[in-house]
Amino acid sequence: EKVFATAGQKNFQVKPTKFLLDKNPVSVGLNIEFDRWGIDFLDCDILTDKDVYIPMDMTFPFIRYKGNAGFDMLIHLIPDSVTITGDIFGNKGAIEIQTNDIVGSDDDEEKSDDMDFIVDLNIQIHNKVQILLNPLLRGLIVPGSAMELFIDTRTGGVGAKGEVNL
């Protein structure tokens with residue numbers, strides 16, 4: 001495949017381009033805007049074809065997803081935070097709720113220098129996705145279930161909306 005990129009004085013752009021990841025097509029686009037001394041922002045669009053899933057191991061604050069997933073999402077990076085928005089389609093995987101992150105740990109002082117995360121995702125469950133809240137809960141989510149996930153590490157806000165049948 002060809003990659004089309006344009007560069008200017010204050011920006012660099014790669015038009016959405018299909019790549020193969022584990023023999024599955026993934027479209028990725030990139031837009032970087034520069035200020036005088038560094039990166040002002042970076043946007044990365046990630047899109048898979050409908051019903052195409054790629055192997056993933058994603059860790060967000062409080063939540064980890066390991067399995068296959070399809071995407072239609074945008075990652076927006078500015079110097080002090082990352083915003084992730086869009087849709088994720090889970091297939092044959094597990095959603096693990098990281099209880100040690102929710103409760104907190106003694107390392108909270110070290111985490112103050114980390115980048116902030118804002119996550120606003122619509123999650124659609126397609127087939128065989130588990131939910132794990134170790135050691136209390138382990139269940140299989142009914143295919144077709146949907147939920148909205150919101151995480152903001154600046155405020156400590158975590159929210160999930162939807163009906164997840166086990």
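Residues numbered from 1 in each chain as written. Predicted model: local features only at pLDDT ≥ 70, side-chain atom pairs only at ≥ 80, totals over all residues. Heavy atoms only, no water.

J.: Just to check I follow, could you spell out the overall build of the chain for this structure?
T.: A tally of helices and strands in the chain yields two helices and eleven strands. Ordered by position in the sequence, the α and β elements of the chain form the string β-β-β-β-β-β-β-α-α-β-β-β-β. Out of the 166 residues belonging to the chain, those deemed buried represent 31%. Excluding contacts between residues fewer than 6 apart, the proportion of contacts in the chain whose partners are at least 24 apart in sequence is 49%. Just so you have it, the chain exposes about 10500 Å², and 54% of that area is on carbon and sulfur atoms. (Helix = DSSP H or I, 4+ residues; strand = E, 2+ residues; numbered from the N terminus. Buried < 20%, exposed > 50% of the residue type's maximum accessible area, 1.4 Å probe, protein only. Contact = heavy atoms within 4.5 Å. Areas by Shrake-Rupley, 256 points an atom, 1.4 Å probe, with all protein chains shown as cover.)

J.: Would you take a moment to explain the side chain of D43 for this structure?
T.: Locating D43 in the fold gives a position in strand β4 (residues 39-48). There is no salt bridge for the buried D43, and the closest opposite charge comes from R154, which lies 14 Å off by N-O distance. Within the local environment of D43, its side chain forms a polar contact with the side chain of H76, the two groups lying 2.4 Å apart. (Lys, Arg positive; Asp, Glu negative; His and termini not counted. Salt bridge = Lys/Arg side-chain N within 4 Å of Asp/Glu carboxyl O. Polar contact = N/O pair within 3.5 Å; in protein donor to acceptor, adjacent residues only side chain to side chain.)

J.: Please clarify how the layout of surface pockets should be interpreted in this entry.
T.: One simple way to see leftover space: roll a probe sized like a water molecule over the atoms. Counted as a void, the second largest pocket has a volume near 240 Å³. Lining the second largest pocket are 18 residues, with I63, I95, I123, M147 and L149 sitting closest to its centre. Where the lining of the second largest pocket is concerned, the elements lending two or more residues are β5 (54-60), β6 (63-78), β7 (81-97), β8 (116-133), β10 (146-152) and β11 (157-163). Across the lining of the second largest pocket, the residue classes break down as 16 nonpolar, two polar and no charged. (1 Å grid on protein atoms, 1.4 Å probe; cavity = no way out; pocket = protein on both sides within 12 Å on 5 of 7 lines; lining within 4 Å. Points joined across faces, edges and corners; volume = space filled by probe spheres on them. Nonpolar A, V, L, I, M, F, W, Y, C, P; charged D, E, K, R; others polar.)

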